[in-house]
Amino acid sequence: MVIEAKAKQVYASGVKPIWCPGCVLGETLVISNPSAKQIQEVEIGEKVLTAEGVYKKVAAKIVHHHAGLMYKVRVKSFGAISATPEHPFVGVKRIRKRKHNQVFLEQKIEASHLSKGDYLVFPIMGEIRDMTALPISYTVKEKDTRSKSLPAEVDVDEDLLRLAGYYIAEGSVHRREIIFSFNKNETEFMEDVKSLMKKIFGLDGKVTTRKREDYNGADVVFNSSYLSEVFEKMFGESAETKHIPHEFMFLPIEKQAGLLRGMWRGDGCFMKAKAQYVTISMVLAEQVKMLLLRQEIVPIMHAEEEHGMHKKAYRIYVSDCEDYNKLAEIVGVEGRRNGRSVSGSSIIKNGRVYLPVSGIETFQYSGPVYDLTMDSQDHTFVTNVTASGNCGDFGVFAAITKALTELNVDKSNTMIVSGIGCSSAMPQTFSTYGMHSLHGRLLPVASGARLANHDLTVIGTGGDGDGYGIGVGHLIHTARRNINMTYIVMDNETYGLTTGQTSPTAMMGHKTKSTPFGAIEMPISPLALAISAGASYVARGFSGDIAQLSSLIKGAIEHKGFSLVDVFSPCVTFNHDNTYEWFRPRIYKLDEANHDTSNLVLALGKAVEDAQTNWEKIPTGLFYKNERPTYEDLDIALKNGPLVKQPLPGKEQVLKILEENR
Ligand SMILES: Cc1ncc(C[n+]2csc(CCOP(=O)(O)OP(=O)(O)O)c2C)c(N)n1
Ligand code: SF4
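Rules of the game
- Residues numbered from 1 in each chain as written.
- Chains lettered and ligands numbered in written order.
- Predicted model: local features only at pLDDT ≥ 70, side-chain atom pairs only at ≥ 80, totals over all residues.
- Helix = DSSP H or I, 4+ residues; strand = E, 2+ residues; numbered from the N terminus.
- Domains from an automatic or database assignment.
- Contact = placed C-beta atoms within 7 Å.
- Nonpolar A, V, L, I, M, F, W, Y, C, P; charged D, E, K, R; others polar.
- Expected span 1.5 Å × (residues − 1).
- Buried ≥ 20, exposed ≤ 12 C-beta atoms within 10 Å, placed from the backbone.
- Pairing = 2+ DSSP bridges.
- Axes fitted to C-alpha atoms, helices over the stretch in contact; angles between N-to-C directions.
- Near = placed C-beta within 6 Å.
- Core = buried A, V, L, I, M, F, W, Y, C linked by C-beta atoms within 7 Å.

Attention shifts here to unusual backbone geometry. Phi at S77 takes a positive value of approximately 75°, unusual for a residue other than glycine. With respect to the helices and strands, the residue S77 is situated in the loop between β6 (55-75) and β7 (79-83). Even without being glycine, N594 reaches a positive phi, approximately 55°. Here N594 lies in the loop between β33 (587-589) and α15 (600-607).

Listed below in structure tokens is the structure:
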């Protein structure tokens, strides 16, 4: 497996972790900013749409070889997506077979656990960014005396957007000419284009039918090398690269209606039973889909493979009666359809579309599969079909990588030690030294490594079961010894690897295979435990906030002494209570609440605030930090350096020590 990260040193090992990833085929389309592109082409730092309907940066891209079963999941309207069996989709379980759900409870559902009728979620981009003026910039050519100069800016109103729509659908640029090609009968649209070009850019156009006699087309032609340059830059150079400028995608829907009107008049049509838009630009097809969704119209997407001289085409249909009439109203078409909405079709609610699964097939595949780790609170990314989610441990991986990169830690002098659990797969994913030890025993191993080599950067990584269950005794003693190391606990409040049993941090009432009637024990408070045991750096992060988490990990690595970084790292497969969505409204940051990190009593208070507020308020950030001597500073033998670096005592010295201690 290859995990790409922008690092001075490459910290990724290329070994596949076991975490439940959203692995899909390389050609899967991802909704990125400003376009849509195959996942294999997406780069770190690029923005991609998340299940929240907002764009976030890609923190890491993961590729690994998969050999075995793949699931091809088909949904109504948006087509199919192929994924590995454990791929967690953002979905909703269908409650009654032939009836739509009243309530849509979203969860991450593995591809192999989906059934026909369940819903997959596609978020509608909700952000609105209005623009009133659009700057027009072009290269002034002194020799070009024929092109009139253009206004420095134009109003972004319904007129401009309708004109943009006509151009995207029917426009082309030929040297200094801007040509809008229509059918001869579409005189109304030709007149509309002429008056819009005159009003907005002051340009006069003429209609020409200069082609063959049997040709049914007519062109409206404008002469301006300046506007040709502007339009090519804004809307793409050829029919295949045509696109809507990204900033137009955020405009209020009233303005976007103008865009749809112009586009549909150009490349769309209204038939008896459906409206249709055709384009050979894949990016444009995805953008039209999003524009329609923002108008609460669910299109049916259909890709038509290349055949003969015909390029691959994307057909966008609107067939639901209500949607058809809504679109007719927007485009200004008179015909209306009577009838009810199509049963069994998609539902728009809460800023998302719930698309019923219409079929699931399996097939064998051997080759690369891809996944993205997002710098987002919910760790999801959106493909052209639906949103996918990831195990929180990917976020922790990305945060550790970021911290090591920013500190430029020497990987040949770093050791990552783990216990056993999903989270304990971390050492394999890094190209540092590492050891996958025994369940609950990572701290003694890590302590040994540090005491044997005081120059080594030692990082322990494990789960809550590992560290707060079977290994809790070691936590207390390593903390009180103040061993100079960093301990990162991926706290998912469950035993992930063993398929979801109750862990020591599980909340009371949490139902699992091991507590089918709900947990009856109080959850442990790991931060309070660590602070009271003597840990000198105690922090808590969230794998949905990579920026905060990596800075806490950086602080922990730089700190001299024992550092605990507890991380809420949701298990998307087995813990459906403590999800990204559950954490988000409850979490707040201590550094924004003027917390005094040097005050032990206050830190203890903050450490139990989550349980005290019945999990309404969950602080994250640095709880407590103090500088005190480490174990290796105080130990009589180790304070002179690791034993391996000290000269061996001679026979006389050994005898003297024995004599003194008789
Ligand atoms: C001594 C011992 N007891 C039990 C197990 C079985 N076991 C493996 S992982 C695990 C729990 C993992 O949970 P956690 O540490 O929270 O990590 P996660 O998988 O959730 O990341 C258990 C009980 C074991 N491997 N060794
Ligand atoms: S912790 Fe949960 S989501 Fe993560 S790899 Fe393990 S089972 Fe999968």
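On to the domain arrangement of the protein chain, then. The domains assigned to the protein chain are domain 1 (24-124 + 351-390), domain 2 (133-344) and domain 3 (393-634). Placing a centre on the C-alpha atoms of domain 1 and another on those of domain 3 gives a separation of 29 Å. Listed by partner, the interface residues are 14 residues for domain 1 and 15 residues for domain 3. Elements represented by at least two residues in the side of domain 1 that touches domain 3 include exactly β6 and β9 (107-110). At 3 residues, the largest contribution of residues to the side of domain 1 that touches domain 3 is made by β9. The residue makeup of the side of domain 1 that touches domain 3, split by class, is 3 nonpolar, 7 polar and 4 charged.

Across its 13 residues, helix α1 (residues 158-170) extends 18 Å between first and last C-alpha, which sits within 8% of the 18 Å expected from 1.5 Å per residue. Buried residues of α1: L160, L161, R162, L163, A164, G165, Y166, Y167, I168, A169 and E170, and no others.

Attention now goes to the sheet that holds strand β16 (residues 217-223). If you trace the 4 strands from one edge of the open sheet to the other, you get β13-β14-β16-β15, paired in antiparallel fashion. Both outer strands of the open sheet, β13 (171-174) and β15 (205-208), are each paired with one neighbouring strand and no more. Within the sheet, the average angular offset between the axes of one strand and its neighbour, ignoring direction, is 30°. Here 4 bridges tie β13 to strand β14 (residues 177-183), and the two strands are oriented antiparallel to one another. What sits directly across from S172, in β14, is I179. Sheet contacts for α1: β13 and β14; angle to β14, the most-contacted strand, approximately 80°.

With respect to spatial proximity, 18 residues lie near ligand 1, and among them G421, H439, G463, G465 and G496 are the closest. Of all the secondary structure elements, the ones that give two or more residues to the shell around ligand 1 are β27 (457-463), α10 (464-470) and β29 (494-495). With 3 residues, α10 is the single largest residue contributor to the shell around ligand 1. Residue composition of the shell around ligand 1, grouped by class: 5 nonpolar, 11 polar and 2 charged.

With 164 residues, the main nonpolar core has V538 and I553 as its most contacted residues. With 9 residues, β6 is the single largest residue contributor to this core. Ignoring sequence-local partners within four residues, the contact set of V538 consists of L527, A530, I531, L564, A603, F623 and Y624.

Let us look at the pairing of β16. Relative to β16, β14 runs antiparallel, the two being bridged by 7 bridges. The residue of β16 that forms the bridge with N183 is G217. Two elements, β15 and β16, share 4 bridges in a ladder whose sense is antiparallel. For T208, the partnering residue across the bridge sits in β16 and is D219.

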